[in-house]
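So the chains spell out like this:
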Amino acid sequence: RRVSVWDARSYACIQKYPAELMTCGADLTAMISCSVQDPDLNLLMLAGVDGSLCVRRVARRPDGKLNCVLLSFIEALSAENAPITSLSYHADTDSVVVGDAGCRVAVLSRLKEQLGASVQTQSEQALGD
């Protein structure tokens, strides 16, 4: 199985990734994209049937392909490892609302703060290249 990335303007397939790589090994149950400010990041959040959440930074490389880097992996975000069925990012509060198949809702607060160390490390690596 693969995750295909398509260009919304031309409808051309840009790149294909192995599904296990993109979702950190879990079958995908929900996915959202969002943009955060300060630092400016385009994020892809992928939720798994095992209750996990994978957060990736997505950026376009100079050759037109996508660079998709793992920023965070939360192994058991939902209660009792229930499949995550809904994700929603709220920019004003920098929070992610997570709903699961057990009819429970959780809030992941201060997303940028939680991603901060990963983002800072990657920025430092980019400056060293």
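Residues numbered from 1 in each chain as written. Predicted model: local features only at pLDDT ≥ 70, side-chain atom pairs only at ≥ 80, totals over all residues. Heavy atoms only, no water.

Of all hydrophobic cores here, the largest spans 19 residues; its most connected members are Leu43, Met45, Leu53, Leu87, Tyr89, Val96 and Leu111. Only β3 (28-36), β4 (41-48), β5 (53-60), β7 (84-90), β8 (95-100) and α2 (111-128) provide two or more residues apiece to this core. Contact partners of Leu111, with chain neighbours within four places excluded, come to Leu43, Met45, Tyr89, Asp94 and Val96. Ranked by size, the runner-up nonpolar core spans 11 residues in total, among them Tyr17, Met22, Leu44 and Cys54. (Core = buried A, V, L, I, M, F, W, Y, C linked by side-chain atoms within 4.5 Å. Buried < 20%, exposed > 50% of the residue type's maximum accessible area, 1.4 Å probe, protein only. Helix = DSSP H or I, 4+ residues; strand = E, 2+ residues; numbered from the N terminus. Contact = heavy atoms within 4.5 Å.)

Summarising the element assignment, Leu46 is placed in strand β4. For Leu46, a relative accessible area of 2% puts it in the buried group. Excluding residues that lie within four positions of it along the chain, Leu46 makes contacts with Met22, Thr23, Leu28, Ala30, Met31, Ser52, Leu53, Cys54 and Arg56.

The pairing of β5 with strand β6 (residues 66-74) spans 8 bridges and is antiparallel. Each residue of the ladder has a partner; that of Ala59, found in β6, is Asn67. (Pairing = 2+ DSSP bridges.)

What follows is about the sheet that holds β3. The sheet built from 4 strands is open, its strands ordered β3-β4-β5-β6 with antiparallel pairing. Two strands lie at the open edges of the sheet, namely β3 and β6, each paired on one side alone. Mean inter-strand twist for the sheet, computed between neighbouring axes without regard to direction, equals 25°. (Axes fitted to C-alpha atoms, helices over the stretch in contact; angles between N-to-C directions.)

On to the environment of Arg2, then. Following the sequence through the fold, Arg2 ends up in strand β1 (residues 2-6). Along the sequence, Arg2 and Glu20 sit 18 residues apart, while their C-alpha atoms lie 7.9 Å from each other. Discounting residues that sit within four places of it in the chain, Arg2 has contacts with Lys16, Tyr17, Pro18 and Ala19.

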